[in-house]
Amino acid sequence: MTDHERQILARARELADLGELTETVTVILGGARRAGLDPDALAGLIGAAAALGGGGLAAYAAGRGPGIRYADEGEFLGALADAEDDVAERLKAAGRLNDRIVTALDSALAALDAARAMPVRKPCDGCHGAKAAAIAEAEARIRLCGDAVEVLEPLAARTWHALKRIRAVPSDLGETYESVYNLIRRGGAMPHEGRWLTGQETATA
């Protein structure tokens, strides 16, 4: 009868493995650095990587050496949106699993109450053993639910914080380069090969 709770715990541990999400965010951070983005525009990515479990060394090293270099703002924001979706889906999955844990725990607690209320007759013909086994099984189910909660609670907090930090990146980008974007909106152009904010090459006669 503990199979269901064991499956829940296994799923919680699976969701808690944030290595792939951490790598995704770190790769985006590295690509943005290679593209020459100002560090002020990348604070959200650094915070997201840290929240997901990326160590300080990994975030520091991101962008060093060969790797992705985003060609323009659209490419960068597209990758960022994909990462946001991935983190949001992990958070939703954690919420769905939490609902399953609550249901399983309620069932296990009810089973424990029922086991403790089992009558014991004399002669019992094994009734003592059956009652003890039912109590032990219900308690095992409760412990498994508790273990799943312990895994899930920090996961939800970490993914929620990472999601907030990722969602802050576009506004950080806009604030950091506000004057440049204003220039472009007025019809101005940056120098040719100005990395992301490229101007147009002057046509020759």
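Quantities reported herein were computed from a predicted structural model and do not represent experimental measurements.

Description of the environment of proline 39
Inspection of the secondary structure assignment puts proline 39 in the loop between α2 (19-34) and α3 (43-51). For the pair proline 39 and threonine 176, spaced 137 residues apart in sequence, the C-alpha to C-alpha distance is 9.2 Å.

Regarding the confidence of the model for the chain
Looking at the chain as a whole, its pLDDT mean stands at 86, while 84% of the residues score no less than 70. Looking at the elements of the chain, mean pLDDT is at its lowest for helix α7 (residues 178-185), recorded as 69, and at its highest for helix α1 (residues 3-16), recorded as 96.

Describing the packing of α2 against helix α5 (residues 73-116)
Where α2 contacts α5, the two axes come as close as 10 Å, and the packing angle between them is 160°. One finds that α2 runs roughly antiparallel with respect to α5. The crossing of α2 and α5 is left-handed. Facing α2, whose interface residues are Leu21, Thr24, Ile28 and Ala32, α5 presents Phe76, Ala79, Leu80, Ala83, Asp86, Val87 and Arg90. Across the contact of α2 with α5, the residue classes break down as eight nonpolar, one polar and two charged.

Details of α3
Residues of α3 that are buried include every one of Gly44, Leu45, Gly47, Ala48, Ala49 and Ala51, and no others. Just downstream of α3 lies glycine 53, where phi reads positive at about 115°.

What about the side chain of aspartate 172?
As for its position among the elements, aspartate 172 is in helix α6 (residues 127-176). Nearest to the buried, unbridged aspartate 172 among oppositely charged side chains is arginine 165, at 5.0 Å. For aspartate 172, the residues in contact, after removing those within four places along its chain, are Asp40, Ala41 and Gly44.

With respect to the nonpolar core
If you look at the biggest cluster of nonpolar residues, it comprises 44 residues, and the most contacted ones within it are Leu45 and Phe76. Breaking this core down by element, the ones donating at least two residues are α1, α2, α3, α5 and α6. For this core, the element with the most residues is α5, which contributes 11 residues. Filtering out sequence-adjacent residues up to four positions away, leucine 45 remains in contact with Val25, Ile28, Leu29, Phe76, Leu80 and Val169.

Side note on the pattern of salt bridges
Enumeration over the complete set of coordinates arrives at five salt bridges. For arginine 141, the salt bridge goes to glutamate 5, with nearest N and O atoms at 3.0 Å. Of this pair, arginine 141 sits in helix α6 while glutamate 5 sits in helix α1; the two residues are 136 residues apart in sequence, bridging distant segments of the chain. Classification of arginine 141 as buried rests on a relative accessible area of 8%. The buried category is assigned to glutamate 5, whose relative accessible area is 2%. A salt bridge links glutamate 14 to arginine 11, with the shortest nitrogen-to-oxygen separation between them at 3.3 Å. Here glutamate 14 and its partner arginine 11 are both found in helix α1, three residues apart, which amounts to about one turn of the helix.

Describing the environment of glycine 53
Position of glycine 53 relative to the elements: it lies in the loop between α3 and α4 (56-61). Taking the C-alpha atoms as reference points, glycine 53 and leucine 21, separated by 32 residues in sequence, lie 9.3 Å from one another. Not counting the four nearest positions on each side in its chain, glycine 53 is found in contact with Thr22 and Arg158.

What counts as what
- Residues numbered from 1 in each chain as written.
- Predicted model: local features only at pLDDT ≥ 70, side-chain atom pairs only at ≥ 80, totals over all residues.
- Heavy atoms only, no water.
- Helix = DSSP H or I, 4+ residues; strand = E, 2+ residues; numbered from the N terminus.
- pLDDT = per-residue confidence, 0-100.
- Axes fitted to C-alpha atoms, helices over the stretch in contact; angles between N-to-C directions.
- Parallel < 35°, antiparallel > 145°, perpendicular 65-115°, else oblique.
- Left-handed = near helix turned anticlockwise from the far one by under 90°.
- Contact = heavy atoms within 4.5 Å.
- Nonpolar A, V, L, I, M, F, W, Y, C, P; charged D, E, K, R; others polar.
- Buried < 20%, exposed > 50% of the residue type's maximum accessible area, 1.4 Å probe, protein only.
- Lys, Arg positive; Asp, Glu negative; His and termini not counted.
- Salt bridge = Lys/Arg side-chain N within 4 Å of Asp/Glu carboxyl O.
- Core = buried A, V, L, I, M, F, W, Y, C linked by side-chain atoms within 4.5 Å.

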